[in-house]
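Residue strings, one per chain:
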Amino acid sequence: MIQIVSLVVIALLTAADQLIKHYVVLNLKPVDEKLVIPGVLRFTYVENDGAMMGLFGGKAQVMMWITVVIIAVLLVLLMMKKIRFGFNYCCLVAIIAGGIGNLIDRFRLGFVIDYIDVLFVKFYVFNFADCLITVGAFLIIGYQIYEIVRESKAEKEKQNG
């Protein structure tokens, strides 16, 4: 049952990403950019043919197949219950949805549509799918660090206690 719910959530997040990008193409591409909050946020239309932060520019084919493999492996792990439901599981659902959202762009267009441009720091333009991937990955890393520290602390207390 949880696998079905996970697939529905992945589909909904992916659909949201694609709907946002469709809106961006229709409304932002013609004007190129729109200031939302001065000094904080601007929407800027960008066609990214690389990966995160413009890495591997011009390597769209390579990025597509790497993404396909990663998504396939993660989906198999989730569907075969190799990862038990919990925090990491939910983070992987977000990462998969973001990966699929950007993968659709790469297959359909040959590039990924980016549009979120943070102004208060020098950063790259990104999109909702990138947010899903990045937040999911950072939360998994943070949770793993927390677990290592917690286990280490428990081990020390066990030795001292």
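Residues numbered from 1 in each chain as written. Predicted model: local features only at pLDDT ≥ 70, side-chain atom pairs only at ≥ 80, totals over all residues. Heavy atoms only, no water.

1. Observations regarding the pattern of salt bridges
Phase 1 of the analysis: Counted by the stated rule, this structure contains six salt bridges.
Phase 2 of the analysis: Its salt-bridge partner being R42, residue E33 comes within 3.9 Å of it at the nearest N-O pair.
Phase 3 of the analysis: Given a relative accessible area of 23%, R42 falls into the partly exposed group.
Phase 4 of the analysis: Two residues, R42 and D117, come together in a salt bridge whose shortest N-O distance is 2.8 Å. With R42 in strand β2 (residues 41-48) and D117 in strand β3 (residues 112-118), this residue pair connects regions lying 75 residues apart in the sequence.
Phase 5 of the analysis: D117 gets classed as buried once you look at its relative accessible area, which sits at 7%.
Phase 6 of the analysis: Connected through salt bridges with shared partners, the residues D17, K21 and D105 form a single ionic network. (Salt bridge = Lys/Arg side-chain N within 4 Å of Asp/Glu carboxyl O. Buried < 20%, exposed > 50% of the residue type's maximum accessible area, 1.4 Å probe, protein only. Helix = DSSP H or I, 4+ residues; strand = E, 2+ residues; numbered from the N terminus.)

2. Some words on the pairing of β2
Phase 1 of the analysis: Sheet topology places strand β1 (residues 33-37) next to β2; four bridges connect them, and they run antiparallel. Directly across from I37, in β2, lies its bridge partner L41.
Phase 2 of the analysis: Following β1, the chain reverses through three residues before pairing antiparallel with β2; G39 in that reversal takes a positive phi of roughly 75°.
Phase 3 of the analysis: For β2 and β3, the ladder comprises six bridges, and the chain directions are antiparallel. Across the sheet, N48 pairs through a bridge with V112, a residue of β3. (Pairing = 2+ DSSP bridges.)

3. Observations regarding the sheet that holds β3
Phase 1 of the analysis: Strand order in this open sheet of three strands is β1-β2-β3, and the pairing throughout is antiparallel. Edge strands, defined here as strands with exactly one partner in the open sheet, are β1 and β3. Averaged over all adjacent pairs, the angle separating strand axes in this sheet is 30°, with direction ignored.
Phase 2 of the analysis: Against the sheet, helix α1 (residues 2-27) touches β2 and β3, its axis set at about 80° to β3. (Axes fitted to C-alpha atoms, helices over the stretch in contact; angles between N-to-C directions. Contact = heavy atoms within 4.5 Å.)

In short, shape yes, function no, at least from these values alone.
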